[in-house]
Amino acid sequence: MTEDPTDQQAPDGDGTISVFLVDDHALFRSGVRAELERGVPDVRVVGEAGSVDEAVAAVRHHRPDVVLLDVHMPDGGGAEVLRRLRPELPDVVFLALSVSDAAEDVIAVIRAGARGYVTKTISGRELADAVRRVHGGDAVFSPRLAGFVLDVFSNKPGAAPPGDPELDLLTRRERDVLRLLARGYAYKEIAAELFISVKTVETHVSSVLRKTQLSNRYELSRWASDRRLV
Amino acid sequence: MNTPTPPLARRRSGRIVAGVAGGVADHLGIPVTWVRAAFVGLAAMWWAGAMAYGLLWVFVKQEGADVERPTPPRERQQALGLAALGVAAALTAAALGNDLIGWIVGPLGVAAVGAALVWREADEGQRRRWTRSGTAGGRNAVLRTLAGALFVAAGIAVFLFGQLQLGQVQFALLAVLATLLGVGVLTVPWWVRLVRELTEERRERIVETERAEIAAHLHDSVLQTLALIQRQSDQPREVARLARGQERELRAWLYGAGGYGRGVAPTLDEGLTAALAAAAAEVEDTYAVTVAPVVVGADRPLDDHLRALVLAGREAMVNAAKHAGVAEVSVYVEVEDDAVNLFVRDRGAGFDPDAIPGDRHGLADSVHGRMARHGGTVRLRSTPGEGTEVHLAMPVRTHEEAAT
């Protein structure tokens, strides 16, 4: 999360990243808004919503660059917003911002299509960094998130059976990158450690994220074939 | 005893028959054996003791479910003996009395035993309903109730045979049966409603209990801490410490392994994960830094080696908290089949590992020594200005190896 600013992709268009806030707590929204508007010139908050329906309508209308999405909300939460908006707005990037760091919550929104997951104890500067990174096409992985993903892929019972190339989802290199992330390394430090470029680290992390979403489909098809549904 | 006299209530636990004697003893503040003996003595006088006991059983409510009372086996035997003595005394008294009394008491005694069985079953059923979700005692309960009903019927029948002519008995039996049947059919809707209401009531009670539990927890933890924070708002360090501790606890309560809404704790009681979390929490609280542990892999029970690993890891966390001068320490633990790897990393001051004076016991004894004694290894990487990472590796012996 402590990425060197020079590694960032430049914000597009008028130079600012438009951000939309979705959270059912107004107090928290105004707090985030204040943090982002103070001292983060390249991030602009264009709107906020307090419920799933409101969020779906407003995001459709505003078309922001990045949506900061709460995980726990009445009527379905962040995952529901993602389900409804992802297919029709593929250019909008979603970053989950939640107080929960329970594995199920994290994995659920990542699988629904969020590009990253940060917890609400994050500082304003780090949050702005995370917004820039997801907007630049990168994935934001906290050490804890990296740990969850490793857990899901490597150690959980019922994980991919060995020898199936399609199901053996994480490459060795991606695993190494995730492990270093979980140990608290920054992307730059991982690059130095593994003798690869920062860009390559970002590519690995992004492909892990893609596979995390994809694994849902694999698991689904396996689940279906196990039960002779297909 | 200075405690105020408790209200008269039948004992729930530590009872022999219905808890009446115990309740009376509690109420009067005298030994329960005396009360039992008194009931037995009264029973010898024309069943007066038994009558009193039965009436008290019917009219005195049971005490709350939260009272636990152990019954010593000796007291239990004594009480059972007294009960048997009471019955014998009552029967003897009845037999010694005139014929008519004997005639009435005999069959009625049998009926009373039956009634007692049914009543006891109802009593048990009620208790079960209040404690669990009302799944009654199954076949045993039905058998007991049926046996009781049979006793009552037999007793009444014998009593009536003694008093009436055969034809009258036939008629009376038919009338009774027809009435019972009619009453049963007529009250079906009432029974159905009763069952439905009970279910509804139970559901509401569960929701209510849950709400109360949440409120109690929030009161005990969050509200108390917020009050403390308000009073100490001029001490940012202390406020941060309180808030961190509270966040950790609430998080564990909500999302932890045995967390709220997750049913029973699925993991090992005091496994590696729990021990590490406890160590990290301790360091957090003592040194006012954030320690963020990430654990990958299945939990393991704590054996001597893993306990040494946790202690060494704790020492590494303490070192990072004390010397690195940073607000956050990362801890990563990977549990593999044959080894557990633990990484403690900070982005703080760092140091030159070769330049450490030999008298620094923390690293030498607590980390290196401890790990070496249990067959583990320590790798230390530190660069001045870039932080430190301590890597502790502990091989894990499988159960088969440990057994040999």
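Given the structure is predicted, the values throughout are model-derived calculations rather than measurements.

**Quick look at the nonpolar core**
Logical step 1: A:Phe141 and A:Leu178 are the most contacted members of the largest nonpolar core, which totals 56 residues.
Logical step 2: No other element matches the 6 residues that helix α6 (residues 143–155) of chain A contributes to this core.
Logical step 3: Looking at which domains feed residues into this core, each of domain 1 (17–151) and domain 2 (165–226) of chain A supplies at least three.
Logical step 4: Residues B:Leu272, B:Leu309, B:Val335 and B:Met394 belong to the second largest nonpolar core, which totals 33 residues.

**Brief notes about the environment of A:Pro87**
Residues and elements named next belong to chain A.
Logical step 1: Looking at where Pro-87 falls in the secondary structure, it is placed in the loop between α3 (77–85) and β4 (93–98).
Logical step 2: Accessibility expressed as a relative area gives 65% for Pro-87, which makes it exposed.
Logical step 3: The spatial distance from the C-alpha of Pro-87 to the C-alpha of Gly-113 is 9.8 Å, given a sequence separation of 26 residues.

**Re the confidence of the model for chain A**
Residue and element names in this part refer to chain A.
Logical step 1: Of all residues in chain A, 80% attain a pLDDT of 70 or more, and the chain-wide mean is 79.
Logical step 2: Predicted confidence is poor over residues 1–12, with pLDDT under 50, and the contacts of this stretch with residues over four places away or in other chains come to 27 contacts.
Logical step 3: Across residues 155–163 the pLDDT falls below 50, and counting only partners more than four positions away or on other chains, this stretch makes 13 contacts in the model.

**Some thoughts on the packing of aromatic side chains**
Logical step 1: The full count for this structure, using the stated rule, is 2 aromatic pairs over all chains.
Logical step 2: Note on B:Trp190 and B:Trp191: the rings are 5.0 Å apart at their centroids and 70° apart in plane angle, and the pair reads as edge-to-face.
Logical step 3: With a relative accessible area of 47%, B:Trp191 lands in the partly exposed category.
Logical step 4: Pairing B:Tyr332 with B:Phe343 gives two aromatic rings, centres 5.9 Å apart and planes at 25°, and the pair type is stacked. You can see B:Tyr332 sitting in strand β2 (residues 328–335) and its partner B:Phe343 sitting in strand β3 (residues 339–346), a full 11 residues away along the chain.
Logical step 5: For B:Tyr332, a relative accessible area of 1% gives the class buried.
Logical step 6: The ring of A:Tyr187 carries A:Arg133 above its face, with NZ or CZ at 4.4 Å from the centroid.
Logical step 7: Above the plane of the ring of A:Tyr185 lies B:Arg345, whose end atom (NZ or CZ) is 4.2 Å from the centre.

**Some points on the sheet that holds strand β1 (residues 290–296) of chain B**
Residues and elements named next belong to chain B.
Logical step 1: Read across the sheet, 5 strands follow the order β1-β2-β3-β5-β4 without closing on themselves; strand pairing throughout is mixed. Looking along the sheet, the strands with just one partner apiece sit at the ends: β1 and β4 (377–383). Direction aside, neighbouring strands of the sheet carry axes that sit 10° apart on average.
Logical step 2: Pairing of β2 with β3 involves 7 bridges; the strand directions are antiparallel.

**Some remarks on the environment of A:Pro143**
Logical step 1: The topology assignment puts A:Pro143 in helix α6.
Logical step 2: Take A:Pro143: its relative accessible area is 29%, and that puts it in the partly exposed class.
Logical step 3: C-alpha separation for the pair A:Pro143 and A:Tyr185, spaced 42 residues apart in sequence, amounts to 8.1 Å.
Logical step 4: Setting aside residues no more than four positions away along its own chain, A:Pro143 makes contact with A:Leu181, A:Ala182, A:Gly184 and B:Val294.

**A few points about the interface of chain A and chain B**
Logical step 1: At the interface, 23 residues of chain A touch 18 residues of chain B.
Logical step 2: Between chain A and chain B lies a buried interface of about 1,700 Å² when both sides are counted; carbon and sulfur atoms form 42% of it.
Logical step 3: Where chain A packs against chain B, one counts 5 salt bridges.
Logical step 4: Here chain A and chain B share 10 residue pairs in polar contact (both at pLDDT 80 or more) between them.
Logical step 5: Among the secondary structure elements, those contributing two or more residues to the side of chain A that touches chain B are α4 (103–112), α6, α7 (172–182) and α8 (187–194) of chain A.

Scoring rules and cut-offs
Once a new chain begins, its residue numbering starts again from 1 and follows that chain's sequence as written. Chain labels run from A onward and ligand labels from 1 onward, assigned in the order the entries are written. Thresholds applied to this predicted model are a pLDDT of at least 70 for local features of residues and 80 or more for the giving and counting of side-chain atom pairs; totals over whole chains, interfaces and linings are not thresholded and use all residues. Values reported for side chains reflect all heavy atoms of the structure, with hydrogen atoms and water molecules removed beforehand. Nonpolar cores are built from buried Ala, Val, Leu, Ile, Met, Phe, Trp, Tyr and Cys residues. Side-chain atoms within 4.5 Å join them into one set. Summary of the burial criterion: residues with accessible area below 20% of their type's maximum are buried, those above 50% are exposed, and those between are partly exposed, where the area comes from a 1.4 Å probe applied to protein chains only. Numbering of helices and strands runs from the N terminus; a helix is a DSSP stretch of H or I covering at least four residues, while a strand is a stretch of E covering at least two. Note that the domain bounds were set by an automatic or database domain assignment. Every residue gets a pLDDT, meaning the predictor's confidence in that residue, from 0 to 100. Note on definitions: a residue-residue contact is assigned when non-hydrogen atoms from the two residues lie within 4.5 Å. Aromatic rings from Phe, Tyr and Trp, taking only the six-membered ring of Trp, are treated as a pair when their centres fall within 6.5 Å; an angle between ring planes under 30 degrees marks them as stacked, one over 60 as edge-to-face, and anything in between as tilted. Criterion for a charge above a ring: Lys NZ or Arg CZ within 6 Å of the ring centre, and within 35 degrees of the ring normal. In this analysis, strands are considered paired if DSSP registers two or more bridges between them. Inter-axis angles, ranging from 0 to 180 degrees, are taken between N-to-C directions of lines fitted to C-alpha atoms, where helices are fitted over the stretch in contact. Simply put, the buried area is the total loss of 1.4 Å probe accessible area from both parts when two parts are fitted together. Any Lys or Arg side-chain nitrogen located within 4 Å of an Asp or Glu carboxyl oxygen qualifies as a salt bridge. By the criterion applied in these results, polar contacts are pairs of N or O atoms within 3.5 Å in which, for protein atoms, one can donate a hydrogen and the other can accept it, and in which residues neighboring in sequence qualify only through two side-chain atoms.

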